[in-house]
Amino acid sequence: MGIPLLQAARIGTYVLRQHLSGRKRYPLVLMLEPLFRCNLACAGCGKIDYPDEILNQRLSYDECMTAIDECGAPVVSIAGGEPLLHREMPKIVEGYLGRGKFVILCTNALLLAKKIDDFKPHRSFTWSIHLDGNQAMHDKSVCQRGVYDKAVEAIRLAKSKGFRVSINCTLFNDADPAQVADFFDDMKALELDGITVSPGYAYERAPDQQHFLNRTKTKELFRGILARGNGGRKWPFSQSIMFLNFLAGNEAYHCTPWGNPTRTVFGWQKPCYLLGEGYAKTFRELMDDTEWDKYGVGNYEKCADCMVHSGFEASAVTDMIRHPLKALSVAARGVRTDGAMAKDISLDGQRPADFVFSGHVERRLTEIRAAESSAKTAVAAE
């Protein structure tokens, strides 16, 4: 697997400590979105369709540090938008490393050659390059030609400078298992340090709504991929073996939305990285006031097809802690890719979707405009 021993040991110790203390809900990875602005417009993205006034917002360095100090997660995954558009990003990364955190900086790599010398290699720092498959697959996904080639060049550049480099790969219903397996072979040949893979989440605001996977197609796709990779052991996945086992339909996990709490320019996002149905001002408010039982597969229509790593990786890690022998067995023989699948969670009792996105945007716009008006008034009074 592509998880360094130091990281696996420290995260395992952290998780075990939470369990021994009887803590029911705790964060595993802080998902930080310090901006929504991006230099691509991917068809499956639900993060960039905001008014310019919101796209121009940035979390400050101090706000980013406060977020990790509040939640205490051992890992920070910095996404967006495109994080390299944030002027303070090198300082933010250094601030997290100085706090002893593992930092994953996600990027589409278009700016990496220009920005890379602003960062220093560190055993706890990883570049995560967005690549949704081979050249044809990825350029189609990001709606722009040539992006795949630039990303591969950036991977080679970062590796040559001594950085840890992984890729994050999101798959949709037009993915072909054989092509994905060949793509993973190509990535392994680049001596990547890790591969993170996930089915796409059906963002309600994504321009392309036709190519999201349902749960059955997700399991069939990943069985087809992993069967070509020795049950997943062929490639350096930077994910738990039990999450891969879940993707292949051998587990029926409930999601753990609090495992990957999300801090954005709106605040702490309720209930998870994928759904913005409310925002809290503090991490404690997020944990205490979110109605967690209203969300998840079987509880809420928007969650029905979700099998994304940000919701289920923490569930898989919990399963590994509770059933270590089962996890060791799967790791030893690889993920099973044939036979009966685990019985899935029933959707009979789920509540209908509630569409509240526009209300959050209007409230944030009102706040931004009020702040700008106050600033102008203060300047005029000087």
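Relevant structure appears above.
Here's what I pulled together on the structure shown here. (Residues numbered from 1 in each chain as written. Predicted model: local features only at pLDDT ≥ 70, side-chain atom pairs only at ≥ 80, totals over all residues. Heavy atoms only, no water.)

### Thoughts on the overall build of the chain
For step 1, the next point in the chain: Looking only at helices and strands, the chain has 14 helices and nine strands in total.
For step 2, the next point in the chain: Taking 382 residues into account, the globule formula puts the C-alpha radius of gyration at 21 Å, and the chain, at 20 Å, falls close to it.
For step 3, the next point in the chain: Here the C-alpha coordinates of the chain stretch approximately 75 × 50 × 45 Å along the principal axes.
For step 4, the next point in the chain: Here the chain holds 382 residues, and 54% of them are scored as buried. (Helix = DSSP H or I, 4+ residues; strand = E, 2+ residues; numbered from the N terminus. Rg over C-alpha atoms; globule rule 2.2 N^0.38 Å. Buried < 20%, exposed > 50% of the residue type's maximum accessible area, 1.4 Å probe, protein only.)

### Regarding the environment of Arg-23
For step 1, the next point in the chain: Residue position: Arg-23 is located in the loop between helix H1 (5–20) and strand E1 (29–32).
For step 2, the next point in the chain: With relative accessibility at 31%, the residue Arg-23 sits in the partly exposed group.
For step 3, the next point in the chain: Ignoring sequence-local partners within four residues, the contact set of Arg-23 consists of Gln-18 and Arg-284.
For step 4, the next point in the chain: Polar contacts involving the side chain of Arg-23 include one to the side chain of Gln-18, which spans 3.0 Å. (Contact = heavy atoms within 4.5 Å. Polar contact = N/O pair within 3.5 Å; in protein donor to acceptor, adjacent residues only side chain to side chain.)

### Examining the nonpolar core
For step 1, the next point in the chain: Counting residues in each nonpolar core, the largest one holds 113 residues, and the members touching the most others are Leu-30, Ile-78, Tyr-96, Trp-127, Leu-171, Phe-184 and Met-187.
For step 2, the next point in the chain: Setting aside chain neighbours within four positions, we find Met-187 in contact with Leu-131, Tyr-148, Ile-155, Ile-167, Leu-192 and Ile-195. (Core = buried A, V, L, I, M, F, W, Y, C linked by side-chain atoms within 4.5 Å.)

### Overview of helix H4 (residues 89–98)
For step 1, the next point in the chain: Counting buried positions along H4 gives seven out of ten residues, so the element sits mostly inside the fold.
For step 2, the next point in the chain: Those residues of H4 not exposed but buried are Met-89, Pro-90, Ile-92, Val-93, Gly-95, Tyr-96 and Leu-97.
For step 3, the next point in the chain: Those residues of H4 hidden inside the fold are in contact with E1, helix H3 (61–71), strand E2 (75–78), strand E3 (102–107) and strand E4 (125–130).

### Quick word on the side chain of Thr-318
For step 1, the next point in the chain: Checked against the element boundaries, Thr-318 lands in helix H12 (residues 309–322).
For step 2, the next point in the chain: Side-chain polar atoms of Thr-318 contact the backbone oxygen of Ala-314, separated by 3.0 Å.
For step 3, the next point in the chain: Sequence-distant contacts of Thr-318, that is, excluding residues within four places in its chain, are made with His-19 and Tyr-26.

### Thoughts on the pattern of salt bridges
For step 1, the next point in the chain: Within the structure shown, the criterion is met by 15 salt bridges.
For step 2, the next point in the chain: The shortest N-O distance in the salt bridge between Asp-52 and Arg-37 comes to 3.6 Å. Remark: Arg-37 occurs in the loop between E1 and helix H2 (52–55) and Asp-52 occurs in helix H2; sequence separation between them is 15 residues.
For step 3, the next point in the chain: Where Lys-219 meets Asp-344, a salt bridge forms, and the shortest distance between an N and an O atom there is 2.8 Å. (Salt bridge = Lys/Arg side-chain N within 4 Å of Asp/Glu carboxyl O.)

### Focus: the packing of H12 against helix H13 (residues 324–333)
For step 1, the next point in the chain: The geometry of H12 relative to H13 is characterised by a closest axis approach of 5 Å and an angle of 110 degrees between their N-to-C directions. Comparing their axes, H13 and H12 come out roughly perpendicular. Counting all contacts with H12, which are made through Asp-319, Met-320, Ile-321 and Arg-322, the residues of H13 involved are Pro-324, Lys-326 and Ala-327.
For step 2, the next point in the chain: Across the contact of H12 with H13, the residue classes tally to four nonpolar, no polar and three charged. (Axes fitted to C-alpha atoms, helices over the stretch in contact; angles between N-to-C directions. Parallel < 35°, antiparallel > 145°, perpendicular 65-115°, else oblique. Nonpolar A, V, L, I, M, F, W, Y, C, P; charged D, E, K, R; others polar.)

### Observations regarding the packing of aromatic side chains
For step 1, the next point in the chain: Throughout the structure, instances matching the rule amount to 20 aromatic pairs.
For step 2, the next point in the chain: Geometrically, the ring pair formed by Phe-183 and Phe-184 is tilted, given 5.7 Å between the ring centres and 40 degrees between the ring planes. Each member of the pair Phe-183 and Phe-184 is classed as buried.
For step 3, the next point in the chain: Ring plane angle 90 degrees and centroid distance 5.6 Å describe the contact between Phe-184 and Phe-237, whose orientation is recorded as edge-to-face. (Phe/Tyr/Trp six-rings, centres within 6.5 Å; stacked < 30°, edge-to-face > 60°.)

### Looking at H12
For step 1, the next point in the chain: Helix length check: H12 (14 residues) gives 19 Å between terminal C-alpha atoms against 20 Å at 1.5 Å per residue, within 8%.
For step 2, the next point in the chain: Within H12, ten of the 14 residues are buried, which leaves the element mostly enclosed by the surrounding structure.
For step 3, the next point in the chain: Of the residues making up H12, those classed as buried are Ser-310, Gly-311, Phe-312, Glu-313, Ala-314, Ser-315, Ala-316, Val-317, Thr-318 and Asp-319.
For step 4, the next point in the chain: Its buried side turned inward, H12 meets H1, E1, helix H9 (215–227), helix H10 (241–247) and H13. (Expected span 1.5 Å × (residues − 1).)

### A closer look at the environment of Thr-216
For step 1, the next point in the chain: For Thr-216, the position within the fold is in helix H9.
For step 2, the next point in the chain: Between the C-alpha atoms of Thr-216 and Leu-32, which are 184 residues apart in sequence, the distance is 30 Å.

### So, the pairing of strand E6 (residues 194–199)
For step 1, the next point in the chain: Of all the six residues making up E6, six are buried; the element is thus mostly covered by neighbouring parts of the structure.
For step 2, the next point in the chain: The alternating pattern of E6 places Gly-194, Thr-196 and Ser-198 and Ile-195, Val-197 and Pro-199 on opposite faces, both of which are buried.
For step 3, the next point in the chain: Sheet analysis places strand E5 (residues 164–171) next to E6, joined by six bridges and oriented parallel. Bridge pairing in E6 links Ser-166 to Gly-194.
For step 4, the next point in the chain: In this fold, E5 hands off to helix H8 (residues 177–189), which returns the chain to E6; that crossover is right-handed. (Pairing = 2+ DSSP bridges. Right-handed = clockwise from strand over helix to strand, strands pointing away.)

### Comments concerning the packing of H8 against H9
For step 1, the next point in the chain: It is at 8 Å that the axes of H8 and H9 come closest, and there the two elements cross at 50 degrees. In terms of axis orientation, H8 runs oblique to H9. In this structure, H8 meets H9 at a crossing whose hand is right-handed. Residue-level inspection shows Pro-177, Val-180, Ala-181 and Phe-184 of H8 in contact with H9, the latter providing Leu-221, Gly-224 and Ile-225.
For step 2, the next point in the chain: Looking at the contact of H8 with H9 residue by residue, the class counts come to six nonpolar, one polar and no charged. (Left-handed = near helix turned anticlockwise from the far one by under 90°.)

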